[in-house]
Each structure stands twice: as structure tokens, then as C-alpha cells.
Amino acid sequence: MQTVLVVEDEKLIRQGLSTMIKRCGVPVGEVIECPNGLKAMEVLREKEVDVLFTDIRMPKMNGIELVEAMQELENPPIVIAVSGYDDFSYAVEMMRGGAREYILKPVERDKLKEVMEKLEAEISEKISREKITQKLGKQFLKYILTDSDENGTNEENLAALGKNIKTEVGDEFYVLVSCRDDDVQKELESLSPIAEIDGGEVYIIGGNIHERILRQIQDCDEGFSSTAGISDVCTDTGNLKKAYLQAKERRERAFFAGNIVMDSEKNPVVPEKLMENGKKLCDKSALDIRVHLMGTDKISQIEKEWNGFFTAAERGQIRADDFAQAIALFINEFGTIYKHSFPEGLSSPFLYESIYEYKEAFLEAVFQENSKLSGDEAEGINDKKIAKALSYIRENYRSDINMAMVSNYVSMNYSLFSKEFKDYTGTNFVSYVRDLRIEEAKKLLAETELRINEIGAMVGYENDKHFLKNFKHAVGVSPGEYRRNIMA
């Protein structure tokens, strides 16, 4: 391994642990020492670390806080907790946060050597897999994206691709397409995506991972939230393109439905008239209306236009390709007319887990850009307006509420309202509403026998999976686990 980081506030213990690591027999390029979590984070932001040994109780930033802060890193290190018997409960919390091992003080040389050898084997295997994945990805992209088969190029790539797939995952495999923030990624930690196409990360998975994902889905009470698309089982690499297209189509369906799609069920039949209406919402005239409303004070009309578009998409009245193209055309036309780029990332809807997350981010950007173009940036807003807004939110958070609606209610510019709201409450609008909903959900879980999906609907979530994901993100456990814990 290249780099090991030792985080311990006691200097002698820190130096002793570093010396044992250097002499354990596992080759290590560099051992770095830090006295607390803050210093460790400075190192981790500057360079990639393979393994981190950390004490739990430290000044400034303790081990639990360090493990939590590390989640912002693109490639966080493997964490080993080092502490005494008295800190066992804290060590359990660190294990839940992602720590791999727990070593008691005083650290025994044999135990340290055992852990280091185990980690060295794991890291070596990971590097080997990444090399195979890189090769596999290049072959996959060339095969998927090349339409022609001149000089037998695709046949050669397909043969090499098939050999690598079977070496990596076995004779039976599946193609999976998901966004980066999907819960399904937790089951893919040992893999790297072989490609990124049209905003989706593409994986080829074996039967063991497929089975784990199935178990997670079936245990719906645990808050597993995914909008991935997974192909049927594939045994012949000659059908790989078909499997990829199947997974991609299911991912697109899942994006609009808010649920993972793994089967071949057909989309609900949408009447032809409604499909025609959906098509009109994507055409040039509808696009022109949305573009030219920007910079005006017609907030309600802007909201109505976009809500109509998104609602039609959610109901299946707009095809995935038409939806993505309409978004791209709007962003392109916006830049051409106003000589100003639309916020980054929003041109690729499928980077988001579902249409619900994307709609939230997109509409926030629309109203912020509208405020900038209108030039309404007056300051000194009366706190009474924010107080009025908070009262309105508390009365209506159980319904479909958004920031445009509330800022309009108190007659404030959207962008200014967003800033003043955060200054006044210390948090943004979305988090404030989410926290209200989650607190009410916790109360209902504790005091009633209502089913979890009923509670989600009662606190303002139209989509079950959206509720489960938000609850688990805010509380750390699923609604079902939370209820079991408080009843224990």
C-alpha cells in the first residue's frame, strides 16, 4: 500500500503505532501522523490515503466526527478504529459509520500485522480489479457505441469483452445502470463502473451482487431506495448490447416512477390523447413560452408551465428521450437569448436519482435565474415576512409545498427569499421542510400503529421511496428500524 495515516492525540502512542506499521512486514510507501481529526482532514483533502488508523477520543475533531467528515471525499481510506475498552460503545458507532476494524489499546504487534496483511491483500485485489475494469470499460464502450462492424472490429472486441466478463463476474451476469447517488451503489462498493453513458453509470454484475440487491428490495421496510435499471440475466456476450439497452430503458422508467425496475413489465398504457398533450409540452412553442417568461414577474405562470411539464412526465405522457431533449433545448435557448449559462449539471436529468430530486433542483435554478434577470435584488427585507413564511410552512408542510409557492405567498423575490430564509433559520428551505416532515413522521411512528407508507403520505411525501430515502438520510436508520428501536 502507498500511504497510511495515523490519527492519535497522544504523541508517544502515535509514534509507537507508526513504528509498528513500518515494521509489520507489509510494504508501506509512507506513514503520516496527525494529532486530531481536523489535521487528518487537511491531509486527506490534499492526498489519497489507503488506510487510516484513528483514535476515538481526540480534541477538536474526534474519530466519529472524522469518519463522518470523510464521506465528502471521492475516495475515502479504509478506517481502523483504535481505542480502549471504555470506548467500546463509541467504536460500535464508528463501525456503523464505515470503520472496517476495531483494535484495542495497547495495540498488539501480531494483531496489527494481521490487520495490515488483510488490508494489503484487499487493496492489491482492488487494484487488479480496477485494471480489468478499465480494460473491460474500453471494450464495452467501443462495442456499445460503434454501430458499424468494419473489418470485424466489434467481433474482436466482443470476444475479448466476453472473456473479461466471465473472468470478473462469472458465466451469468447482468447489466446495471444507475446514478451515482443511488442506494444500490452500496452493494457495488467492490466494483467500478465500466462506463458512464448519458448520465448513467454502467456496471456488469454477477449473480451474488444481483441476489444481494434483490434481498434489499424485498426488505422494503429497511428504506432501500433505488431507481436503477437492471437487465435480465445474460449468458451470451453476443446479447450484451441488448442487455445494456434493456437496463438503460428500465433506468429511464425508474427515474420517472421513483422505484427500481428489474422486470419486463410494460409501462402503464397512456391514452393517445394524453401522449399528444405531452408531446406538445416538449415542442418549440411550449419551449419559447418558458424561455421568454424568464426575467418577468409572472412567477405563478412560470411555476404553472414547468409543473405541467413535470407532472406530464411523471405520469408517463412524455417519453424519456423527449423529456431530456426538451430540457437540453431550454437550457441551450436560455444561454443563446440571455447570454448567460444555466447552472451546471441540470442539462443531464439522469444524473439525478429520480424526477423528484431533479425537479426540485431544476425549479430552484429556474427561479433563481429569473430573479437575477429581473434585477430584483433589494435588501433589508422585514423579518416579519420570513416569520409569516415559517408559519405558512408549518401549516402546510404536509401538502406539496415548494419555495416558489411560499416566496410568492409572502410577496418576496425568490432568490432574495432563499437567502433571507437561510440567514433567518440557519438552513435552506428544502432541509427545513424535510426536518418538519421527518419530526412529524418520528412522532407518528412512536405514537401510532399506522403503516409506514401511510405515515409518509401524511407528512407530505407522495412517493414512498422518496420518504424512505429522506428519513434514512436524516435519522440514520429506516422508519421500520426506528420504530423497532423505540419500542424495544
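Heads up: these notes are all about the structure in this document. Since this is a predicted model, take the numbers as computed values, not measurements. (Residues numbered from 1 in each chain as written. Predicted model: local features only at pLDDT ≥ 70, side-chain atom pairs only at ≥ 80, totals over all residues. Heavy atoms only, no water.)

**Section: helix α10 (residues 284–292)**
Applied cut-off: Here's how the labels work: a residue is buried when its accessible area is under 20% of the maximum for its type, exposed when over 50%, partly exposed in between, all with a 1.4 Å probe on protein chains only. Only runs of H or I of at least four residues qualify as helices and only runs of E of at least two qualify as strands under DSSP, and these elements are numbered from the N terminus. Here, the arc refers to the directions that run from the helix axis to the C-beta atoms. Only heavy atoms enter the contact rule, under which two residues are in contact if any of them lie within 4.5 Å.
When we look at burial in α10, the residues that qualify are Ala286, Leu287, Arg290 and Val291. Seen along its axis, α10 keeps its buried residues to an arc of 135 degrees; they face one direction. Here the buried face of α10 lies against α9 (272–280), α11 (299–314) and α12 (320–338).

**Re unusual backbone geometry**
A cis amide bond, omega -10 degrees, links Lys105 with the succeeding residue Pro106. Within the secondary structure, Pro106 is located in the loop between β5 (101–104) and α5 (109–145). Positive phi outside glycine occurs at Lys60, with the angle close to 70 degrees. Relative to the assigned elements, Lys60 resides in the loop between β3 (51–54) and α3 (63–69). Backbone geometry places Ser411, a non-glycine residue, at a positive phi of 55 degrees. Its location among the elements puts Ser411 in the loop between α15 (403–409) and α16 (414–425). Ser411 sits in the exposed class, given a relative accessible area of 57%.

**Let's talk about the nonpolar core**
Generally speaking, nonpolar side chains in soluble globular proteins are found buried as a group. Note the cut-off: For our purposes a nonpolar core is just a set of buried Ala, Val, Leu, Ile, Met, Phe, Trp, Tyr and Cys residues, chained together by side-chain atoms within 4.5 Å.
In this structure, Trp306, Phe323, Phe330, Phe362, Ile393 and Phe417 are the most contacted members of the largest nonpolar core, which totals 51 residues. Within the second largest apolar cluster, 24 residues are counted, among which are Leu5, Ile32, Met41 and Leu66.

**Focus: the pairing of strand β2 (residues 30–34)**
We count it as follows: Two strands pair if DSSP finds at least two bridges between them. When the strands point away from the viewer, a crossover counts as right-handed if the route from the first strand across the helix to the second turns clockwise.
Of the strand pairs in this sheet, strand β1 (residues 3–7) and β2 are connected by five bridges, and their pairing is parallel. Opposite Val6, over in β2, you have Glu33 as the bridge partner. Handedness of the crossover joining β1 and β2 through helix α1 (residues 11–22) is recorded here as right-handed.

**Thoughts on the pairing of strand β6 (residues 173–178)**
On a regular strand, each side chain points to the face opposite its neighbour's, so the side chains alternate between the two faces of the sheet. Burial runs high along β6: six of the six residues are buried. Of the two faces of β6, the one holding Phe173, Val175 and Val177 and the one holding Tyr174, Leu176 and Ser178 are both buried throughout. One ladder, built from six bridges, connects β6 with strand β8 (residues 200–206); its direction is antiparallel. The partner of Val177 across the bridge, within β8, is Val202. Here two bridges tie β6 to strand β9 (residues 229–230), and the two strands are oriented antiparallel to one another. Within β9, the position partnered with Val177 by the bridge is Gly229.

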